[in-house]
There are 2 protein chains.
Amino acid sequence: MDDREIQLRRYKSILSKYLDDQSEQTLYKGQQFSRKMIEQKISPEEAVSLHVSAMESLYPDMPQEFKNSYAFLLEMMIGYGFAYREHQSLRSRQQ
Amino acid sequence: MDDREIQLRRYKSILSKYLDDQSEQTLYKGQQFSRKMIEQKISPEEAVSLHVSAMESLYPDMPQEFKNSYAFLLEMMIGYGFAYREHQSLRSRQQ
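Residues numbered from 1 in each chain as written. Chains lettered and ligands numbered in written order. Predicted model: local features only at pLDDT ≥ 70, side-chain atom pairs only at ≥ 80, totals over all residues. Heavy atoms only, no water.

A. Representation of empty space enclosed by the protein. Enumeration according to the criterion identifies 1 cavity of 30 Å³ or more in this entry. What the largest cavity holds in volume is close to 70 Å³. A:P44, A:Y80, A:A83, A:Y84, A:H87, B:P44, B:Y80, B:A83, B:Y84 and B:H87 together form the lining of the largest cavity. (1 Å grid on protein atoms, 1.4 Å probe; cavity = no way out; pocket = protein on both sides within 12 Å on 5 of 7 lines; lining within 4 Å. Points joined across faces, edges and corners; volume = space filled by probe spheres on them.)

What follows is the structure, encoded as structure tokens:
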């Protein structure tokens, strides 16, 4: 199982729990997960992609409009992936 | 009408067109819109928030699970908003 698959499983598990209980506690676990992703230099584009994969896996029969809206969101986030990689490059030049 | 409202209207109009036609041309308009957001230093968190507001406006009766999933996604993106603002601060120090 590669890193992305492990992350997807963990994210999906937290998201699924949140959709069940909508508790502050589970939301906090989501924030902690997000902090770790940032530490691991995962771009915002990849983070959104993880969310979309988790939703598609939790709701395989979701309405087509929602599937299409995720495709649009991911396309929009590509530019943010580039901007993020530029940020990493600036940081490493400063260190 | 403030800036965010104008942006929301434009984003919603492109997204809505894409959900109707799923054309490459409309997807390209979405990419151009995203490039402009990056130029205007709109954080990935705000970009995702724009998408969520547009979806909630287009589908006010969407299933509760989807509404909750958007709340979770937005919470996860907050950290990326902070990382982005740090990026802007690094850039301005380099200029």
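Additional details are given in the paragraphs that follow.
B. View of the packing of aromatic side chains. Taken as a whole and judged by the stated rule, the model has 9 aromatic pairs over all chains. Between A:Y59 and B:F66, the aromatic rings sit 5.5 Å apart at their centres with planes inclined by 40 degrees, giving tilted as the arrangement. Taken together, the residues A:Y59 in the loop between α3 (44-58) and α4 (64-94) and B:F66 in helix α4 (residues 64-94) connect one chain to another. For the ring pair A:F72 and B:Y18, a centre distance of 5.4 Å and an interplane angle of 40 degrees mean the geometry is tilted. Separated into two different chains, A:F72 in helix α4 and B:Y18 in helix α1 (residues 3-21) make up a pair that spans both. For A:F72, a relative accessible area of 2% corresponds to the buried category. For B:Y18, a relative accessible area of 8% puts it in the buried group. Linked through ring pairs, A:Y11, A:Y18, A:F33 and B:F72 together constitute an aromatic cluster. Seen from the ring of A:F82, A:R85 lies directly overhead, with NZ or CZ sitting 5.3 Å from the centre. (Phe/Tyr/Trp six-rings, centres within 6.5 Å; stacked < 30°, edge-to-face > 60°. Helix = DSSP H or I, 4+ residues; strand = E, 2+ residues; numbered from the N terminus. Buried < 20%, exposed > 50% of the residue type's maximum accessible area, 1.4 Å probe, protein only. Lys NZ or Arg CZ within 6 Å of the ring centre and 35° of its normal.)

C. Molecular detail of the environment of A:Q94. Here A:Q94 lies in helix α4. On the basis of relative accessibility, which here comes to 39%, the residue A:Q94 falls in the partly exposed class. Between the C-alpha atom of A:Q94 and that of A:S34, which follows or precedes it by 60 residues, the distance is 24 Å. When residues no more than four places from it in sequence are discounted, the contact partners of A:Q94 are B:L90 and B:Q94. (Contact = heavy atoms within 4.5 Å.)

D. Structural context of the pattern of salt bridges. Residues and elements named next belong to chain A. Under the definition given, this model contains 4 salt bridges over all chains. A salt bridge links K17 to D21; the nearest nitrogen and oxygen atoms lie 3.0 Å apart. Here the residue K17 and the residue D21 both occupy positions in helix α1 (residues 3-21), the gap between them amounting to 4 residues, near one helical turn. For K17, a relative accessible area of 41% puts it in the partly exposed group. (Salt bridge = Lys/Arg side-chain N within 4 Å of Asp/Glu carboxyl O.)

E. Up close: the relation of the copies chain A and chain B. If you rotate chain A by 180 degrees and push it 0.0 Å along the axis, it lands on chain B with an RMSD of 0.0 Å. Given the turn and translation reported, the copies of this chain are related as if by a two-fold rotation axis. For chain A, the residue whose C-alpha comes nearest the rotation axis is A:H87, separated from it by 2.9 Å. (Least-squares fit on C-alpha atoms with pLDDT ≥ 70 in both.)

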